[in-house]
Amino acid sequence: MEQKQEKFSTIGYIAAALGMCIGTGNVWRFPRVCAANGGGAFIIAWTIAMLVFAVPLLSTEMAFGKKTRLGCIGSFRNVGGKKYTWMGFFVAAVCFFLMSYYCVLQGYCLKYAVNSVTSAFKPNLSTETTSAMWTAFTDSRAQVILFHAIGFALACFIVYQGIAGGIEKFCKVAIPALFIILVGLAIYAVTLNGANQGLQYLFTVKKEYILSPNTWIQAFIQAAWSTGAGWGFIITYANYVGEEEDVPTSCLIMGLGDNLGAILSALVVIPAICALSATPEAANEALSQGNFGLTFIYIYQLFTTIPGGRFISFIFFGLLAIAAITSLFSMIEVGVKCVVDLGLPRKKAVVSVCFAGFLVGCFSCWSLVNIDNQDWVWGIGLLVSGAFIAILAWKYGVEKLRTQEVNAKGADVHLPKAYYTGCMYLIPVLVVIMVVYWLLQTKEWFPDTWLNPFIIQDNTGTVLLQFGVVILVGLALSKFFNTKTARGAMKDNKAAK
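Bear in mind the structure is a predicted one, so any value in this text is a computation, not a measurement.

Draft legend 1. Broad picture of the overall build of the protein. Helix and strand counts for the protein stand at 22 helices and zero strands. Buried positions account for 61% of the 497 residues belonging to the protein. Of all intrachain contacts in the protein linking residues separated by at least 6 positions in sequence, the fraction that spans at least 24 positions is 84%. For the protein, the accessible surface area stands at approximately 18,400 Å², while carbon and sulfur atoms represent 67% of it.

If you want it as structure tokens, here you go:
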């Protein structure tokens, strides 16, 4: 028999949620996307996206999770009706595929933590050397798969321990530690010779970027990617909070915590790139490219230039791996909760979801082209997931949701009607405009292959193929989910009493 359903404490819930927000999405993804999209202009667009897209969606997800005590699939079915079940499946599937390649990133962090304590770490390494190290590692499929497997095994072990005994306990220690080391590294990075160029790049608003649709699309994707808006993980985590948990305050803390973590990360990475590049022109070229390896090339090099760098490098990449694990917990739990709702015991669900994620993630281990493809496809998928959650709010009644579930008893902060309602109606419209524009852009990038779904590149064809398969599977399995989720949830609720 299942044990009584566990619950987060308020601090534990916020720590676990921040664990999702403050991870490689901030330290690895934000600096490179920010740099590639003009620095200051991107920060403005991203802050607006956080307020317009992320915070309202996080509040909506938390309200639905508290109300239904079900995962993504069951929540969509219970709130919207059986015709909406496939949307819940799409949200869960997007999170699953994100999880599958996210663990590859965690493997990168583990590898560099190991590098820090081996002979690979030498004083004053050049950019050419650290670039060559990065290339040699990512080209070694066996190594990438090995660290990918280790990452999943660690995350699986902790999630296997449960909510309070595993996820909450871990996040309460890991997240404050990561903040402390980011603050210290940011202070050091901005004092380096040449760091001023990075600060100017980061905070100067360039007109051509602020007027570029690409900047805004990337900002919305980053807001979703780093906060978890649209992932379904807040729907899932909200299953484990008390009835009077403060929805708006919790979600605002997540948004602000994510912003702070991202800015701190950018203050480490971007000034370091400028300080360590041979020339200002080389620094600008590196920043504008938004290379996948920026953190691993330049931050690793930064550590080789400072006293005690080996130890600090180990701590940094170790904590970055830990931050990635805290994010991975959330993604795993989304799948686990959906499977538990079908009636499978929790521990079996954890092992099944992790093993499936590992197998699918091996595709992203194969090459940087593959992982870039998954980042492209499921980054867009996050926007679509967000639109589906907003549409579910329409079905339920946006104003009814705001007054009865979001601004419910226990809320110290109340989201205003004009703000919340306006954003929830605006989100699907914005998503349609952004996704259509973004996909049509690929016609200019790849005029001969933009609709070819069998070429691994950032084109429209690959998005349509992967989205199409997920949607068709969701529609085909809707009847199964509608029946099984009801029985499994009933069984789980009886066991929890």
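Draft legend 2. A look at the packing of helix H16 (residues 309-341) against helix H17 (residues 346-365). At a minimum axis distance of 9 Å, the contact between H16 and H17 shows a crossing angle of 130°. The orientation of H16 with respect to H17, classified from their angle, is oblique. Regarding H16 and H17, the two cross each other, and that crossing is right-handed. Residues Ile332, Glu333, Gly335, Val336, Val339 and Val340 of H16 form the contact with H17, whose participating residues are Arg346, Ala349, Val350, Val353 and Cys354. In the contact of H16 with H17, the residues fall into eight nonpolar, one polar and two charged.

Draft legend 3. Summary view of a nonpolar patch on the surface. On the surface, Phe454, Leu465, Val469, Val473, Leu477 and Phe480 cluster together to form a nonpolar patch covering roughly 530 Å² of accessible area. For the nonpolar patch, the leading source of residues is helix H21 (residues 460-476), giving three residues. Structurally, the position occupied by Phe454 is in the loop between helix H20 (417-445) and H21.

Draft legend 4. Structural context of the packing of helix H3 (residues 40-68) against H20. Contact pair H3 / H20: the axes reach a minimum separation of 9 Å and the direction vectors enclose 110°. Between H3 and H20, the crossing angle belongs to the class labelled roughly perpendicular. Here H3 and H20 pass one another in a crossing that is left-handed. Counting all contacts with H3, which are made through Leu51, Val52, Phe53, Val55, Pro56, Leu57 and Thr60, the residues of H20 involved are Tyr419, Tyr420, Cys423, Met424, Leu426, Ile427, Leu430 and Val431. Class assignment of the residues belonging to the contact of H3 with H20 gives a composition of 14 nonpolar, one polar and no charged.

Draft legend 5. Structural context of the packing of aromatic side chains. Taken as a whole and assessed by the stated rule, the structure comprises 29 aromatic pairs. Pairing Phe64 with Tyr396 gives two aromatic rings, centres 6.0 Å apart and planes at 80°, and the pair type is edge-to-face. Remark: Tyr396 occurs in helix H18 (residues 368-396) and Phe64 occurs in helix H3; sequence separation between them is 332 residues. Look at Tyr108 and Phe137: their rings are 5.8 Å apart centre to centre, the planes differ by 80°, and that puts the pair in the edge-to-face class. Taken together, the positions of Tyr108 in helix H5 (residues 85-115) and Phe137 in helix H6 (residues 127-139) put the pair 29 residues apart, joining distant regions of the chain. Of the residues examined, Tyr108 reaches a relative accessible area of 2% and is grouped as buried. Taking the relative accessible area as the measure of exposure, Phe137 reaches 3% and is therefore buried. It is Lys400 that lies over the ring of Tyr396; its NZ or CZ is 4.6 Å from the centre.

Draft legend 6. View of H16. In this model H16 runs 47 Å from its N-terminal to its C-terminal C-alpha over 33 residues, within 8% of the 48 Å that 1.5 Å per residue would give. Among the 33 residues in H16, 25 count as buried, and that is most of the element. Two residues or fewer past H16, Gly343 is found with a positive phi of approximately 115°.

What counts, and where the lines are drawn
- Residues numbered from 1 in each chain as written.
- Predicted model: local features only at pLDDT ≥ 70, side-chain atom pairs only at ≥ 80, totals over all residues.
- Heavy atoms only, no water.
- Helix = DSSP H or I, 4+ residues; strand = E, 2+ residues; numbered from the N terminus.
- Buried < 20%, exposed > 50% of the residue type's maximum accessible area, 1.4 Å probe, protein only.
- Contact = heavy atoms within 4.5 Å.
- Areas by Shrake-Rupley, 256 points an atom, 1.4 Å probe, with all protein chains shown as cover.
- Axes fitted to C-alpha atoms, helices over the stretch in contact; angles between N-to-C directions.
- Parallel < 35°, antiparallel > 145°, perpendicular 65-115°, else oblique.
- Left-handed = near helix turned anticlockwise from the far one by under 90°.
- Nonpolar A, V, L, I, M, F, W, Y, C, P; charged D, E, K, R; others polar.
- Patch = residues over 30% accessible without salt bridge, like charges linked within 9 Å, V, L, I, M, F, W, Y side chains within 5 Å.
- Salt bridge = Lys/Arg side-chain N within 4 Å of Asp/Glu carboxyl O.
- Phe/Tyr/Trp six-rings, centres within 6.5 Å; stacked < 30°, edge-to-face > 60°.
- Lys NZ or Arg CZ within 6 Å of the ring centre and 35° of its normal.
- Expected span 1.5 Å × (residues − 1).

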